[in-house]
Amino acid sequence: EAGVAQSPRYKIIEKRQSVAFWCNPISGHATLYWYQQILGQGPKLLIQFQNNGVVDDSQLPKDRFSAERLKGVDSTLKIQPAKLEDSAVYLCASSLGQGEVSTEAFFGQGTRLTVV
Amino acid sequence: AQSVAQPEDQVNVAEGNPLTVKCTYSVSGNPYLFWYVQYPNRGLQFLLKYITGDNLVKGSYGFEAEFNKSQTSFHLKKPSALVSDSALYFCAVRDIPSNYQLIWGAGTKLIIKP
């Protein structure tokens, strides 16, 4: 079974530039998550999709971050403009579906973003 | 509100010795608990979960976890540590009222010394 695919693996940009990350979840997984992980900390949920609808984006800095999952499969996360404090690893994860308490989330390898 | 605490930032264990990584939780209702491991420059990998049933849960790579309802704990254990177990370990609980999202602990760095 193919895992969660993310690209790129690494990205270095200057502050005020824009950047986009891509995620392809495991086939059949209805729920998709984007997390931000600062070095040495636990993951922080940015946004959660159920199919192509947003379930939770309460911690997404909407003035600069946006995400979409138009066809309920792939997803993109965009930052525009980037700030120095956005330097982090951005993790995408997927799980079978909302309401499935027993199912674990599967993670991609992440994109390490460095803003200089 | 649901929460997870990992009281130790770092745990040091000699190779071959048993290891324990601690996790306590606070939930309303039934707890659904998970352990993940993160190796350097990698995403999080699922280790094991407690949903219901036996209090001792077995998972990947020889790890197990003991669910203790009275102490609200879900400690990760392994009888004999390997150097390759050195990694960052995260405990998480599923927050049913908050769209079933996972609430994460801050992580514990496990260092196994030869």
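Structure: above.
Counting restarts for each chain, with residues numbered from 1 along the sequence as it is written. The naming scheme follows written order: chains are lettered A onward, ligands numbered 1 onward. Residues qualify for local features only when their pLDDT is at least 70, as the model is predicted, and side-chain atom pairs are given and counted only at 80 or more; totals for whole chains, interfaces and linings, by contrast, use all residues. Side-chain measures were taken over the full set of non-hydrogen atoms in the model, leaving aside hydrogen atoms and water.

A.B. asks: Which parts of the structure should I look at to understand the packing of aromatic side chains?
C.D. replies: The relative placement of two aromatic rings is captured by the distance of their centres and the angle of their planes. When two rings of Phe, Tyr or Trp (its six-membered ring) have centres within 6.5 Å they constitute a pair, described as stacked for plane angles under 30 degrees, edge-to-face for angles over 60, and tilted for the intermediate range. Enumeration over the complete set of coordinates arrives at 14 aromatic pairs over all chains. Consider the rings of Tyr36 of chain B and Trp104 of chain B, whose centres lie 5.1 Å apart with planes at 55 degrees: the pair is tilted. With Tyr36 of chain B in strand β5 (residues 33-38) and Trp104 of chain B in strand β11 (residues 101-104), this residue pair connects regions lying 68 residues apart in the sequence. Judged on exposure class, the residue Tyr36 of chain B and its partner Trp104 of chain B are both buried. Ring geometry for Tyr50 of chain B versus Phe74 of chain B: centroids 6.4 Å apart, planes at 55 degrees, classification tilted. Taken together, the positions of Tyr50 of chain B in strand β6 (residues 44-50) and Phe74 of chain B in strand β9 (residues 73-78) put the pair 24 residues apart, joining distant regions of the chain. Categorising residues by exposure relies on relative accessible area from a 1.4 Å probe, with only protein chains included: less than 20% of the type maximum marks a residue as buried, more than 50% marks it as exposed, and the intermediate range marks it as partly exposed. By relative accessible area, which is 8% here, Tyr50 of chain B ends up buried. One aromatic cluster is present, built from ring pairs that chain together Tyr33, Tyr35 and Phe107 of chain A together with Tyr36, Phe46, Phe90 and Trp104 of chain B. To qualify as a helix, a DSSP run of H or I must reach at least 4 residues; to qualify as a strand, a run of E must reach at least 2; elements of each kind are numbered from the N terminus.

A.B. asks: I would appreciate a short explanation of the pairing of strand β3 (residues 19-24) of chain A in the present structure.
C.D. replies: For a regular strand, side-chain orientation follows a simple rule: the groups alternate between the two sheet faces. Residue and element names in this part refer to chain A. Judged by which residues are buried, β3 turns out to be one-sided: Val19, Phe21 and Cys23 face inward and are buried, whereas Ala20, Trp22 and Asn24, on the alternate face, are not. As paired elements, strand β1 (residues 5-7) and β3 share 3 bridges and run antiparallel to each other. Within β3, the position partnered with Ser7 by the bridge is Trp22. Only strands that DSSP links by at least two bridges are regarded as paired with each other. Strand direction decides the pairing type here: β3 and strand β8 (residues 75-79), joined by 5 bridges, are antiparallel. Opposite Val19, over in β8, you have Ile79 as the bridge partner.

A.B. asks: It is not clear to me how the side chain of Gln2 of chain B should be interpreted in this structure. Could you clarify?
C.D. replies: Residues and elements named next belong to chain B. Looking at the element boundaries, Gln2 is found in the segment before β1 (3-5). Between N or O atoms, a polar contact is any pair within 3.5 Å; within protein, one atom must be a potential hydrogen donor and the other a potential acceptor, and residues adjacent in sequence are included only when both atoms are from side chains. A distance of 2.9 Å separates a polar side-chain atom of Gln2 from the backbone nitrogen of Ser28. Here, two residues are considered to be in contact whenever any of their heavy atoms come within 4.5 Å of each other. Those residues within four positions of Gln2 in sequence are excluded, and the remaining contacts are Ser26, Val27, Ser28, Arg94, Asp95, Ile96, Pro97 and Ile103.

A.B. asks: Explain the pattern of salt bridges to me, please; I cannot follow it from the model alone.
C.D. replies: When their charged atoms lie close together, side chains carrying opposite charge are able to pair. Residues and elements named next belong to chain A. The term salt bridge refers to a side-chain nitrogen of Lys or Arg lying within 4 Å of a carboxyl oxygen of Asp or Glu. Inspection of the entire model under this criterion finds 6 salt bridges over all chains. Across the salt bridge formed by Asp57 and Lys62, the nearest N and O atoms sit 3.7 Å from each other. Since its relative accessible area comes to 26%, Asp57 is described here as partly exposed.

A.B. asks: Can you help me understand the sheet that holds strand β7 (residues 65-68) of chain A in this one?
C.D. replies: Adjacent strands of a sheet pair through backbone hydrogen bonds, lying either parallel or antiparallel. Residues and elements named next belong to chain A. Taken in spatial order, the 4 strands line up as β1-β3-β8-β7 in an open sheet, and their pairing is antiparallel. Single-partner strands in this sheet number two, and they are β1 and β7. Across the sheet, the axes of successive neighbouring strands diverge by a mean angle of 15 degrees, strand direction being ignored. Bridge count for β7 against β8 is 4 bridges, and the pairing is antiparallel. Bridge assignment links Ala67 to a residue of β8, and that residue is Leu77. Note on definitions: angles span 0 to 180 degrees between N-to-C directions of axes, and those axes are lines fitted to C-alpha atoms, for helices only across the stretch in contact.

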